[in-house]
Amino acid sequence: MANFVTIQENIFCEPCKDCGARPVIEQIKGNFMVRCPKSSSHYQTKPGLVDINDWNLKNKIHLSLGTNDTKSSKEAS
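Residues numbered from 1 in each chain as written. Predicted model: local features only at pLDDT ≥ 70, side-chain atom pairs only at ≥ 80, totals over all residues. Heavy atoms only, no water.

**Digging into the overall build of the protein**
For the protein, the count of helices and strands is 2 helices and 3 strands. In the protein, the order of α-helices and β-strands from amino to carboxyl end is β-β-β-α-α. Expressed as a percentage of its 77 residues, the buried residues of the protein come to 29%. Taking all contacts inside the protein whose residues are at least 6 apart in sequence as the whole, residues at least 24 apart take part in 27%. Entry remark: accessible area of the protein is about 6,000 Å², with carbon and sulfur atoms responsible for 53%. (Helix = DSSP H or I, 4+ residues; strand = E, 2+ residues; numbered from the N terminus. Buried < 20%, exposed > 50% of the residue type's maximum accessible area, 1.4 Å probe, protein only. Contact = heavy atoms within 4.5 Å. Areas by Shrake-Rupley, 256 points an atom, 1.4 Å probe, with all protein chains shown as cover.)

**As for the packing of aromatic side chains**
For any pair of aromatic rings, the description rests on two quantities: the centre-to-centre distance and the angle between the ring planes. Tallying each qualifying case throughout the model produces 1 aromatic pair. Ring centres of Tyr43 and Trp55 lie 6.2 Å apart, and the angle between their planes is 40 degrees; on these two criteria the pair is classed as tilted. Linking Tyr43 in the loop between β3 (31-35) and α1 (52-59) with Trp55 in helix α1, this pair joins segments that are 12 residues apart in sequence. Here Tyr43 falls in the partly exposed class, since its relative accessible area comes to 27%. (Phe/Tyr/Trp six-rings, centres within 6.5 Å; stacked < 30°, edge-to-face > 60°.)

All we've got here are geometric facts, nothing functional implied.
So this is what it looks like as structure tokens:
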């Protein structure tokens, strides 16, 4: 089993868009990658420096292009 380094809670990280887990840092041969702790098949950054911005970009849930209303249905009525 791999040893992971937890990311401090005060650093904003999007949760994994596949399972909702908070990402961790894994060290592989002197390089670091940000990845999902539950599955290696979920998105992970390229090995190198810790790239939380790339993780956040790939795991941000985007609204569909056809959605104009950002208010909840209760507020819109």
